[in-house]
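What the coordinates show
So the chains spell out like this:
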Amino acid sequence: MSSMTEPVKAAYFARRGVSAQWRSFLRALVETLDDHLDAEGRASLMRTIGRRMADAAPLPHCDTLAEMESHINDALAAAEWGYAELLVDTGARRLIVRHHAAPALAAGTHSDGAWISPVLEGLYARWFAAQPGADAALKPVVTAYAPGHATMHYARG
């Protein structure tokens, strides 16, 4: 709903801590998953991890997208997982989620850190599904990824 201005982005990045202690572990984990699972199996596992993360940081019921965006950003800030923008594409009848500053770590076959995409899909899927009137048939799908930035569409098929 809101568009973050450059000063807001700069303030976010200035206070964001980058934890080097997890880098080698995450690389090893993703590479091990790549060695033992096919692409869909790994994506399914990562979506499950995202859903569990959402369970650990549930959102209250929200009456507006602006309220939901605010609560999502509170949860993401607490985990230092970036921030999100929620936008409505009325022409395509879908919600667009732009997730900025997601953890981006080259690992496995993803030198750009795109392995995080299904984690984000699971995270947002659980948050959206918990809202009043949510349609279980709708799932967020990452449609574009650049290091640390994912665009998801939340719509039918």
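For clarity, every value in this text was computed on a predicted model and none was experimentally measured. (Residues numbered from 1 in each chain as written. Predicted model: local features only at pLDDT ≥ 70, side-chain atom pairs only at ≥ 80, totals over all residues. Heavy atoms only, no water.)

On to the overall build of the chain. The helix and strand inventory of the chain stands at five helices and four strands. The linear arrangement of helices and strands in the chain, starting from the amino end, is α-α-α-α-β-β-α-β-β. A total of 157 residues make up the chain; the buried ones form 37% of that total. Within the chain, counting contacts between residues at least 6 apart in sequence, those at least 24 apart form 57% of the total. As displayed, the chain offers around 8,600 Å² of accessible surface, 56% of which is attributable to carbon and sulfur atoms. (Helix = DSSP H or I, 4+ residues; strand = E, 2+ residues; numbered from the N terminus. Buried < 20%, exposed > 50% of the residue type's maximum accessible area, 1.4 Å probe, protein only. Contact = heavy atoms within 4.5 Å. Areas by Shrake-Rupley, 256 points an atom, 1.4 Å probe, with all protein chains shown as cover.)

So, about the pattern of salt bridges. Under the definition given, this model contains five salt bridges. Among the salt bridges present, the one from Arg47 reaches Glu40, with a minimum N-O distance of 3.2 Å. With a shortest N-O distance of 2.8 Å, Arg47 and Glu121 are connected by a salt bridge. Separated by 74 residues along the polypeptide, Arg47 in helix α3 (residues 39–56) and Glu121 in helix α5 (residues 117–129) bring together distant segments of the chain. (Salt bridge = Lys/Arg side-chain N within 4 Å of Asp/Glu carboxyl O.)

Moving on: the packing of α3 against α5. Packing of α3 against α5 brings their axes to within 6 Å, and their N-to-C directions diverge by 45°. One finds that α3 runs oblique with respect to α5. Relative to α5, α3 is oriented so that their crossing is right-handed. On the side of α3, the interface is formed by Ala43, Met46, Arg47, Gly50, Arg51, Met53, Ala54 and Asp55, while α5 contributes Pro118, Val119, Glu121, Gly122, Leu123, Arg126 and Trp127. Partitioned by chemical class, the residues of the contact of α3 with α5 number eight nonpolar, two polar and five charged. (Axes fitted to C-alpha atoms, helices over the stretch in contact; angles between N-to-C directions. Parallel < 35°, antiparallel > 145°, perpendicular 65-115°, else oblique. Left-handed = near helix turned anticlockwise from the far one by under 90°. Nonpolar A, V, L, I, M, F, W, Y, C, P; charged D, E, K, R; others polar.)

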